[in-house]
Amino acid sequence: MGYLRQDEETGKYKLGFAVYTLCHTLSDELIIGNIVQPYIQELSDWSGEQVYVGVPYEDEVIYVNSSYPREAVNLMRPMMGVRAKMFCTGLGKAMLAYLPEEEQERYLQREFPVYTEYTITDPEVLRNELKQIRARGYAIDNMERDFGIKCVGEPIFNRQRKLEAAISISGPSLRFSQERIPILAEKLHETVLKIEKRL
């Protein structure tokens, strides 16, 4: 059921990500604890946008942390513990693009629900999208899950280069122009590097 996870090397058990859907907390060993908070707050203040952190759980993303610009706390959108499909979010696509190829192929052998007119539902189009994400280093959610919302997402890896999570900058599509997205992505990458040094 996902409430426990087993370490493949030691055989020991730890809390699983499903715990987030109940109490919004996990063990301090996970990156979604105190490690990321100051970095995502800095990124949120710099960008003026919402910043989210999510972890992979089966074929979904679980949102485990978030930050909002200090001057815009009235716009806070609680996301802790929320689950979303990988294929239509910036966080999810950022992680999906870096999963092993066989896992990606298994994921692509399914039907994808439509959320907006921009949702990618064709497996071949999504496959090409994942290639583009790996080539440029970040994912873009172009209003694929929520109309009017765009995101820029990037995966986070541990020292063993194992995928741990992803981080995204999210906001109204009108503020995410083609010119601004690479600027956001560059700052996002700087934040990811800072976080990865702490893992």
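What counts, and where the lines are drawn
- Residues numbered from 1 in each chain as written.
- Predicted model: local features only at pLDDT ≥ 70, side-chain atom pairs only at ≥ 80, totals over all residues.
- Heavy atoms only, no water.
- Salt bridge = Lys/Arg side-chain N within 4 Å of Asp/Glu carboxyl O.
- Helix = DSSP H or I, 4+ residues; strand = E, 2+ residues; numbered from the N terminus.
- Buried < 20%, exposed > 50% of the residue type's maximum accessible area, 1.4 Å probe, protein only.
- Contact = heavy atoms within 4.5 Å.
- Phe/Tyr/Trp six-rings, centres within 6.5 Å; stacked < 30°, edge-to-face > 60°.
- Lys NZ or Arg CZ within 6 Å of the ring centre and 35° of its normal.
- Pairing = 2+ DSSP bridges.

Student: Quick one: what's the story with the pattern of salt bridges, residue by residue and with numbers?
Tutor: The final tally for this structure, using the stated rule, is 14 salt bridges. With a shortest N-O distance of 2.8 Å, Lys93 and Glu129 are connected by a salt bridge. Linking Lys93 in helix α3 (residues 90-96) with Glu129 in helix α5 (residues 123-136), this pair joins segments that are 36 residues apart in sequence. For the residue pair Lys93 and Glu129, the accessibility class agrees, reading buried in each case. The structure contains a network of salt bridges with shared partners spanning Glu49, Arg175 and Arg180.

Student: I'd love a proper account of the environment of Ile40, names of residues and values included.
Tutor: On the secondary structure map, Ile40 appears in helix α2 (residues 37-47). A relative accessible area of 0% places Ile40 in the buried class. Spatially, the C-alpha atoms of Ile40 and Val53 are 8.4 Å apart, while their sequence positions differ by 13 residues. Residue contacts for Ile40: discarding those within four places in its chain leaves Val51, Val53, Asn65, Ser66, Ser67 and Ile167.

Student: So what about the packing of aromatic side chains? Which residues, and what values?
Tutor: Each pair of aromatic rings is reported with the distance of its centres and the angle of its planes. Inspection of the entire model under this criterion finds seven aromatic pairs. Ring geometry for Tyr118 against Phe147: centres 6.2 Å apart, planes inclined by 20°, an arrangement best described as stacked. Within this pair, whereas Tyr118 is found in the loop between α4 (101-108) and α5, its partner Phe147 is found in the loop between β6 (139-142) and β7 (149-157), the two being separated by 29 residues in sequence. Grouping aromatic residues by their ring pairs yields a cluster made of Phe87, Tyr107, Phe112 and Tyr115. Geometry around Tyr107 places Arg110 over its ring, the cationic atom sitting 4.0 Å from the centre. Over the ring of Phe176 we find Arg180, and its NZ or CZ is 5.7 Å from the ring centre.

Student: Give a description of the pairing of β7 that names residues and reports values.
Tutor: Counting buried positions over the nine residues of β7 gives eight, a clear majority of the element. What sits between the antiparallel neighbours β6 and β7 is a turn of six residues, in which Met143 has the positive phi angle 60°. When β7 meets strand β8 (residues 163-172), the two strands line up antiparallel, connected through nine bridges. The residue bridging Phe157 from the neighbouring strand is Leu163, located in β8.

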